[in-house]
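Tertiary structure, described
Single-letter residue listing:
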Amino acid sequence: MEYRTFGAARRALDQNETTCEALVSACLDRIRADNDRLNIFTYVDDGGALHHARYLDSMREKGHERPLTGLILAVKDNICIKGRQVTCGSQMLDDFESLYDATVIEKLRDAGAIFIGKTNCDEFAMGSSNETSHHGPTKNPHDDAYVPGGSSGGSAAAVAAGMCHAALGSDTGGSIRQPAAFCGVVGLKPTYGRVSRYGLVAYASSLDVIGPMGHSVEDVATLLNAIAGVDPNDATSAPVEVPDYTAALDGGVTGLRIGLPTEYFAEGLDDGIRALIQEKVDALEAEGAEVREVSLPHTKYGVATYYILATAEASSNLARYDGIRYGHRADLQDVQRSLVEERETMQEALAAAEADGRDDRVTALRQEIDEQETLLNRLYTQSRTEGFGDEVKRRIMLGTYVLSSGYYDAYYAKAQRVRTLIRNDFDQVFEEVDVLLTPATPTPAFKLGEKIGDPLAMYLNDIYTVTANLAGVPGLVVPIGTHPDAPHLPVGLQLLGRHFDEAHLLQVGDAVMNL
Ligand code: GLN
């Protein structure tokens, strides 16, 4: 694509070197060329995007420009666009259409953005590789034998493959930042409450955030300008003033205090990633940043805490998919037939037991018959059995377990307390430094199939990202080159900041990319 960033496209539009329609066509060409191989989009809105582009072009002719006129945006398939599918990568929502626009969509459309399609993701955003999607895995555009990361892998891959200028993802435990690192793009998880969650299909509501992904920090800042702010439709969105995030970009790093948390550079970090990060740290110091080591002592509990709290919240959020209120419904007649057959079998067994005079068996069978599931309950069970994939089922079971009476205190309540400790770690460290600098992931992208059979190995991949969600602080990932031993695989660097201080992250992120 000729104009990879929105910044470049925008300048070309200003010079009348291109049109919105031409920008959309270029993206559609890229999609046509590679989407079958990479499985990035679950839905491409060619008609809608071209139509909107022509409208914006006609407005431009009349002198009407909006801040995002000409931005071609891909949207993760768990964010609602009215009248469009929102499958969340699940069979459960395979034929579900959104009845309303998410707040971010409304804001972006008003600002002139063009939506080109919905991107593949792990089922209900649960995963780190895009392999749990009912639509099949997305592949990494840098090497299609590798995963793009997850769960916003489709969005990261769409940006990396030049199929759009930028994309929206969601981040509950790293789902914007980890795929950004694996695909070599910029990804921002804003502070919890910075961006409205209205219209984002809920996974774990106390951790979920929508955020932008793009090729440049400037594009990500421009997008954040458009989507940030309080929203009456989301009680957890924060009434905190929204600065102009692009204004911060040229600030440089002189005098800025950057902390390197020891726990993020401990055992388990890939040597190549460590070396690349060290190079950037040295360069930042040479530019005048003050770098020091700091400690976030509760980091080691991050993954365990996250997987207790996220699954607990998920088990409750996903209760709505029962085939009646929402989602895939099993065939009612099949369900009814199976109940009737079951009952007949039990009754035959009862008659035989009665004939044989086996009293215990008679009592047991009578009880079974009495307690046979109702049609409604069996319909729920069957719909959920058919609609959800294995990983989602695993999480619902884990979450239900940690919330069950008898285990609640040992798991859920304890995890909440650890969450507070993790948050306190960040509060304390941000008294000493302005920004934290860490690796985004312990390894570069892994091969398709490499971890999908080992949930624990998959979960451990989130070690550097889940803490930001637990603490609610913002996190930015920027690409810093390719891996020394695997030059086809990108490496990302993560910056973490104080609540609502995205500006500093963007400032340092931009500086890192310009080093
Ligand atoms: N990989 C993490 C998980 O599976 C994070 C997912 C996310 O941020 N949505 O829960």
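Residues numbered from 1 in each chain as written. Predicted model: local features only at pLDDT ≥ 70, side-chain atom pairs only at ≥ 80, totals over all residues. Heavy atoms only, no water.

Another aspect to go through is the layout of surface pockets. Approximately 390 Å³ is the volume found for the largest pocket. Contributing to the lining of the largest pocket are 22 residues, with Lys300, Val303, Ala304, Leu460 and Ile463 lying nearest its centre. Those elements that provide at least two residues to the lining of the largest pocket are α9 (302-317), α13 (390-403) and α15 (455-460). Broken down by element, the lining of the largest pocket gets its largest block of residues, six residues, from α9. Considering only residue class, the lining of the largest pocket consists of 15 nonpolar, four polar and three charged. The calculated volume of the second largest pocket comes to roughly 280 Å³. Looking at side-chain class alone, the lining of the second largest pocket contains 12 nonpolar, two polar and one charged residues. (1 Å grid on protein atoms, 1.4 Å probe; cavity = no way out; pocket = protein on both sides within 12 Å on 5 of 7 lines; lining within 4 Å. Points joined across faces, edges and corners; volume = space filled by probe spheres on them. Helix = DSSP H or I, 4+ residues; strand = E, 2+ residues; numbered from the N terminus. Nonpolar A, V, L, I, M, F, W, Y, C, P; charged D, E, K, R; others polar.)

As a further point, take the pairing of strand β10 (residues 475-483). The two faces of a sheet get side chains in turn, since along a regular strand they alternate between them. With seven of nine residues buried, β10 lies mostly within the body of the structure. Here strand β5 (residues 186-189) runs beside β10; their pairing, made up of three bridges, is antiparallel. Paired with Lys189 across the two strands is Gly475, which belongs to β10. Relative to strand β11 (residues 486-497), β10 runs antiparallel, the two being bridged by seven bridges. When the bridges of β11 are listed, Val478 appears paired with Leu493. Turn length for the β10-β11 hairpin, with the two strands adjacent in sequence and antiparallel, is two residues. (Buried < 20%, exposed > 50% of the residue type's maximum accessible area, 1.4 Å probe, protein only. Pairing = 2+ DSSP bridges.)

Before going further, it helps to spend a moment on the site of the ligand. Close to the ligand lie 15 residues, the nearest being Thr172, Gly173, Ser175, Tyr203 and Tyr306. In this structure, a nitrogen atom belonging to the ligand sits 2.8 Å away from a side-chain N or O atom of Ser128. The backbone of Thr172 places a nitrogen or oxygen atom 2.7 Å from an oxygen atom of the ligand. The protein chains hide 100% of the 290 Å² of surface that the ligand would expose on its own. Among the detected pockets, the ligand sits in the largest cavity. (Near = heavy atom within 4 Å. Polar contact = N/O pair within 3.5 Å; in protein donor to acceptor, adjacent residues only side chain to side chain. Areas by Shrake-Rupley, 256 points an atom, 1.4 Å probe, with all protein chains shown as cover. Sits in = over half its atoms within 2 Å of the grid points.)

This paragraph deals with the sheet that holds strand β1 (residues 41-44). Spatially, β1-β3-β2-β4-β6-β5-β10-β11-β9-β7-β8 is the arrangement adopted by the 11 strands of the open sheet, whose pairing is mixed. The outermost strands of the open sheet, each flanked by one partner alone, are β1 and β8 (290-294). The average angle at which neighbouring strand axes cross in this sheet is 30°, direction not considered. By the bridge criterion, two bridges tie strand β7 (residues 257-261) to strand β9 (residues 435-439) in an arrangement that is parallel. Paired with Gly259 across the strands is Leu436, a residue of β9. Where helix α3 (residues 46-61) meets the sheet, its contacts fall on β1 and β3 (114-119), and the angle it forms with β3 comes to roughly 160°. Strands in contact with helix α8 (residues 271-286) are β7, β8, β9, β10 and β11; relative to β10, the strand with the most contacts, it is inclined by about 110°. (Axes fitted to C-alpha atoms, helices over the stretch in contact; angles between N-to-C directions. Contact = heavy atoms within 4.5 Å.)

This paragraph deals with the packing of helix α1 (residues 6-14) against helix α7 (residues 217-227). α7 packs onto α1 with a crossing angle of 80° between their chain directions and a minimal axis gap of 8 Å. The angle between the axes of α1 and α7 places the two elements in the roughly perpendicular class. Residues Phe6, Gly7 and Arg11 of α1 form the contact with α7, whose participating residues are Glu218, Asp219 and Thr222. Of the residues assigned to the contact of α1 with α7, the class counts are one nonpolar, two polar and three charged. (Parallel < 35°, antiparallel > 145°, perpendicular 65-115°, else oblique.)

Turning our attention to α3. Helical geometry: 3.6 residues make up each α-helical turn, so side chains three or four residues apart lie on a common side. Taking 1.5 Å per residue as the helical rise, α3 with its 16 residues ought to reach 22 Å, and the 23 Å between its terminal C-alpha atoms agrees with that figure. Taken as a whole, α3 has its buried residues at Ala49, Leu50, His52, Ala53, Leu56, Asp57, Met59 and Arg60. Those residues of α3 that are buried are in contact with α1, α2 (20-38), α4 (103-110) and β3. Just downstream of α3 lies Gly63, where phi reads positive at about 90°. (Expected span 1.5 Å × (residues − 1).)

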